[in-house]
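# Secondary and tertiary structure notes
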Amino acid sequence: MITIAQQFGMTEALQQLGIHTINEGTSTGQNHFSNGELLESFSPVDGQLIATVKTSTIVDYEKVMQTATEAFQSFRTMPAPQRGEIVRQFGEKLRKNKEALGKLVSYEMGKSLQEGYGEVQEMIDICDFAVGLSRQLHGLTMHSERPGHRMYEQYHPLGVVGIISAFNFPVAVWAWNTALAWISGDVCVWKPSEKTPLCGVACQNIIAQVIKENNLPEGISCLINGDYTVGALMTNDKRIPLISATGSTRMGKIVAQAVASRLGKSLLELGGNNAIIVTPDADIKMTVIGAVFGAVGTAGQRCTSTRRLIIHESIYEKVKDAIVSAYGQLKIGNPLDQNNHVGPLIDLHAVEMYKNALSKVVAEGGKVLVEGGVLSGEGYESGCYVKPAIAEADNSFEIVQHETFAPVLYLLRYSGTVENAIQLQNGVAQGLSSAIMTNNLREAELFLSVVGSDCGIANVNIGTSGAEIGGAFGGEKETGGGRESGSDAWKIYMRRQTNTINYTTSLPLAQGIKFDL
Ligand code: UN1
């Protein structure tokens, strides 16, 4: 029998990416030294063991940190545009490996192949962005209050950046961080999710080629593997001035406290509870596309996934019928097969969380409109395939207030003006992404105004997911406040210095203070 891995050329892809049966999970550039327990990576697509990764021990971690700290000493002195050239080469390698890496992302994480390729495209895009930025790490100049003085600010590299990433974007989020950290003159230590360790090894193998070809110091990109205990080594380590962490709000609170207790900086991108407001002036066809992709894309496992649809009562039935009928068209199955829309959840624990959400919404008084359920039988052997579900609910339900990383969409009704919908949209603890579907300029502008959406991302006539890398990405409230990827997100990867230069022969003090000797 031909396996899914054989049918979709996975063996060749793994070979191209340098993935073996057992892989080193701790490395600095070309050097590997893992001595920890084995971590097996099973595909949620077919339940098969893909390969095994050796985790990092505390001794391995120490070696990584020493190598990274040493590498920083020289890397920080390389001119920023030259560091940009390194990132350009990395982007080129990603272009060559897009197909293989996209396939691995799809097979190890379970997202559709299109989305796997899309994720690698985000990596390529951030590289291009960072290359340009490497010539634009501008500070400001200010006018001094003293004669014959000049004031300006400049940005210097920060040091070792610790990156803790989640399973749902197993490669792109690391690249957002690494590309910016590199042009900033920082070096990186990355702990990928223990659910997608092979994606981490594959990326490290790609970047290792760039490091070798350019004779760069080993420690500028390091990989460590393991569970939260390995993450805790990083968050408590004073040698890491910045920790960038993506994951649940629960995890973020632990990371934030550990990093803050040593006065380090953290960049957090945590849970979302994203809503689309559908007003009487919405284009229903566009609404359906945006809402369905937002809710079922990546099987509802994006931080930006649409969890709530807030629909005006005058069009509620119409929108409901259109969405329910679109769900009837969804094909669930092997994500490598491009005929399918929805792949599996990451693991059986995620399936439990999904089942729990569905029973909770009913227990709290919600009404199921599209039945959920776990699929079994041929093609569904991994036990991770679930049916996208829809329930009518109330914003006050505990389960609606909670982020469930699965394709469960809650329909909420609003009456009166758009202010009421905005209140519901903002009435959750999280603040990542939000959207309004309307052709009414007043509603759209109000949604974007100071009394509008309180999220880090607010869209008009676009769904909640699928942000471009050029904008700053992240959110408010329990989403953690961090901003990654585009805009001026680079600034957190650098330290700012204010400089005042006196080019006279006297020494006047600021604020007009006299101090005559
Ligand atoms: C995430 O889910 O952590 O906006 C990242 C999006 C993607 C990134 C999501 N560009 O949906």
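Small disclaimer: the values here were computed from a predicted structure and weren't measured.

## Things to note about unusual backbone geometry
- Its identity is not glycine, yet Lys 477 carries a phi of approximately 55°, on the positive side.
- With respect to the helices and strands, the residue Lys 477 is situated in strand β22 (residues 476-477).
- The phi angle at Ser 485 is positive, at roughly 60°, despite the residue not being glycine.
- In this fold, Ser 485 is placed in strand β23 (residues 484-485).
- What makes Ser 485 buried here is its relative accessible area of 0%.

## A closer look at the UniProt feature "active site" (unreviewed entry) in the chain
- When the UniProt feature table is mapped onto this chain numbering, "active site" (unreviewed entry) sits at Glu 269.
- As for its position among the elements, Glu 269 is in strand β12 (residues 265-269).
- Excluding anything up to four places from it in sequence, Glu 269 contacts Trp 176, Ala 245, Thr 246, Gly 247, Cys 303, Leu 432, Phe 473, Gly 474, Thr 479 and Glu 484.

## Focus on the pairing of strand β7 (residues 149-157)
- Summarising the sheet, strand β6 (residues 141-142) and β7 pair through two bridges and their orientation is antiparallel. Paired with Thr 141 across the bridge in β7 is Tyr 152.
- The antiparallel hairpin formed by β6 and β7 contains six residues in its connecting segment, where Gly 148 sits at a positive phi of about 65°.
- Here β7 pairs with strand β24 (residues 494-502) via nine bridges, running antiparallel. Residue pairing across strands places Gln 154 opposite Gln 497, the latter belonging to β24.

## Focus on the domain arrangement of the chain
- Parsing the chain into structural domains produces domain 1 (4-270 + 483-496) and domain 2 (274-473).
- Centre-to-centre, using C-alpha coordinates, domain 1 lies 30 Å away from domain 2.
- At the interface, 35 residues of domain 1 touch 29 residues of domain 2.
- Here domain 1 meets domain 2 over a buried area of about 2700 Å², counting both sides, of which 62% is carbon and sulfur.
- Looking only at domain 1, the three residues that lose the most surface to domain 2 are Pro 44, Glu 115 and Arg 483, adding up to 18% of its buried area.
- Linking domain 1 to domain 2 there are two salt bridges.
- For Glu 115, the salt bridge is made with Arg 302, and the minimal N-O distance between the two is 3.2 Å.
- At the boundary of domain 1 and domain 2, one finds 13 residue pairs in polar contact (both at pLDDT 80 or more).
- Looking at the side of domain 1 that touches domain 2, the elements that each hand over two or more residues are α4 (80-109), α5 (113-133) and β23.
- Ranked by the residues each element gives to the side of domain 1 that touches domain 2, the list is headed by α5, at seven residues.
- Looking at side-chain class alone, the side of domain 1 that touches domain 2 contains 14 nonpolar, 10 polar and 11 charged residues.

About the cut-offs
Residues numbered from 1 in each chain as written. Predicted model: local features only at pLDDT ≥ 70, side-chain atom pairs only at ≥ 80, totals over all residues. Heavy atoms only, no water. Helix = DSSP H or I, 4+ residues; strand = E, 2+ residues; numbered from the N terminus. Buried < 20%, exposed > 50% of the residue type's maximum accessible area, 1.4 Å probe, protein only. UniProt positions renumbered as here; feature names shortened; annotations may be inferred. Contact = heavy atoms within 4.5 Å. Pairing = 2+ DSSP bridges. Domains from an automatic or database assignment. Buried area = accessible area lost by both parts, 1.4 Å probe. Salt bridge = Lys/Arg side-chain N within 4 Å of Asp/Glu carboxyl O. Polar contact = N/O pair within 3.5 Å; in protein donor to acceptor, adjacent residues only side chain to side chain. Nonpolar A, V, L, I, M, F, W, Y, C, P; charged D, E, K, R; others polar.

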